[in-house]
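One-letter residues, chain by chain:
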Amino acid sequence: MGENLRALEYEDDIVWTEDIESFDYVRQSVELSVSTRRHPVPWSGHGRRVGYAVLRPDAPSGEVPGKFIRRVFWVKEYDRSEQPNGTYKRSAPSEAVDPRTVVPGVWGELTLRAKGAPSSDD
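Throughout what follows, the structure given in this document is the object of discussion. Owing to the predicted nature of the structure, the values given are computational and were not obtained by experimental measurement.

Focus: the sheet that holds strand β5 (residues 96–97)
Backbone hydrogen bonds are what pair the strands of a sheet, in a parallel or an antiparallel way. Pairing is antiparallel across the open sheet formed by five strands, whose spatial order is β1-β3-β4-β2-β5. With partners counted over all chains shown, the strands left at the sheet margins are β1 (11–16) and β5, one partner each. Taken together, the four bridges between strand β3 (residues 48–55) and strand β4 (residues 68–75) define a ladder with antiparallel strand orientation. Residue pairing for β4: Gly-51 is matched across the bridge by Phe-73.

Structural notes on the nonpolar core
Residues Ile-14, Phe-23, Val-26, Val-50, Ala-53, Phe-73, Val-75, Val-97 and Val-102 constitute the largest nonpolar core, which totals nine residues. Among the secondary structure elements, those contributing two or more residues to this core are β3 and β4. Grouped together as the second largest cluster of nonpolar side chains are six residues, Val-34, Val-41, Tyr-52 and Val-54 included.

What about the pattern of salt bridges?
Overall, the coordinates contain 11 salt bridges when judged by the stated rule. In this structure, Arg-71 engages Glu-11 in a salt bridge whose closest nitrogen and oxygen atoms are separated by 2.6 Å. With Arg-71 in strand β4 and Glu-11 in strand β1, this residue pair connects regions lying 60 residues apart in the sequence. The exposure classification of Arg-71 matches that of Glu-11, with both residues buried. A salt bridge links Arg-113 to Asp-24, with the shortest nitrogen-to-oxygen separation between them at 3.3 Å. Of the two residues, Arg-113 is situated in helix α2 (residues 112–115) and Asp-24 in the loop between β1 and β2 (26–34); the sequence distance between them amounts to 89 residues. Here Arg-113 falls in the partly exposed class, since its relative accessible area comes to 40%.

Side note on the packing of aromatic side chains
Scanning the model with the defined rule gives four aromatic pairs in all. On the basis of an interplanar angle of 45° and a centroid distance of 5.0 Å, the ring pair of Trp-16 and Phe-73 is categorised as tilted. With Trp-16 in strand β1 and Phe-73 in strand β4, this pair connects stretches of sequence that are 57 residues apart. Taking the relative accessible area as the measure of exposure, Trp-16 reaches 23% and is therefore partly exposed. With a centroid separation of 5.1 Å and an interplanar angle of 35°, the aromatic rings of Trp-43 and Trp-74 are classed as tilted. Placement of the pair is Trp-43 in the loop between β2 and β3 and Trp-74 in strand β4, with a sequence separation of 31 residues. Take Trp-43: its relative accessible area is 22%, and that puts it in the partly exposed class. An aromatic cluster of at least three residues, connected via ring pairs, comprises Tyr-25, Tyr-78 and Tyr-88.

Reading the values: the criteria
- Residues numbered from 1 in each chain as written.
- Predicted model: local features only at pLDDT ≥ 70, side-chain atom pairs only at ≥ 80, totals over all residues.
- Heavy atoms only, no water.
- Pairing = 2+ DSSP bridges.
- Helix = DSSP H or I, 4+ residues; strand = E, 2+ residues; numbered from the N terminus.
- Core = buried A, V, L, I, M, F, W, Y, C linked by side-chain atoms within 4.5 Å.
- Buried < 20%, exposed > 50% of the residue type's maximum accessible area, 1.4 Å probe, protein only.
- Salt bridge = Lys/Arg side-chain N within 4 Å of Asp/Glu carboxyl O.
- Phe/Tyr/Trp six-rings, centres within 6.5 Å; stacked < 30°, edge-to-face > 60°.

This is the structure in structure tokens:
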């Protein structure tokens, strides 16, 4: 958890590469060896990157010199945004957060919306 908290300490901005209004949740994870503070976080994981954190220019590197700890936000092909009636219709993966709760320096929250709670329209 220490690395996760350190990832938040020097955040300057959150960049969304897609409109967050189309997501009830996104997956939030920490990349430990990013070679840049401000450019897009390279993503080779499963799924599609939809956002990333930008660090302050004075953010120190992590355990490895020249490598930075940054958050990345992403979705998998079977997440609710991609398959509304699929596996996560009324649930969410363990790393899910409501993107509306994500701000620099604040860990995202798992809201009722993100969990897939029925809306008043259902």
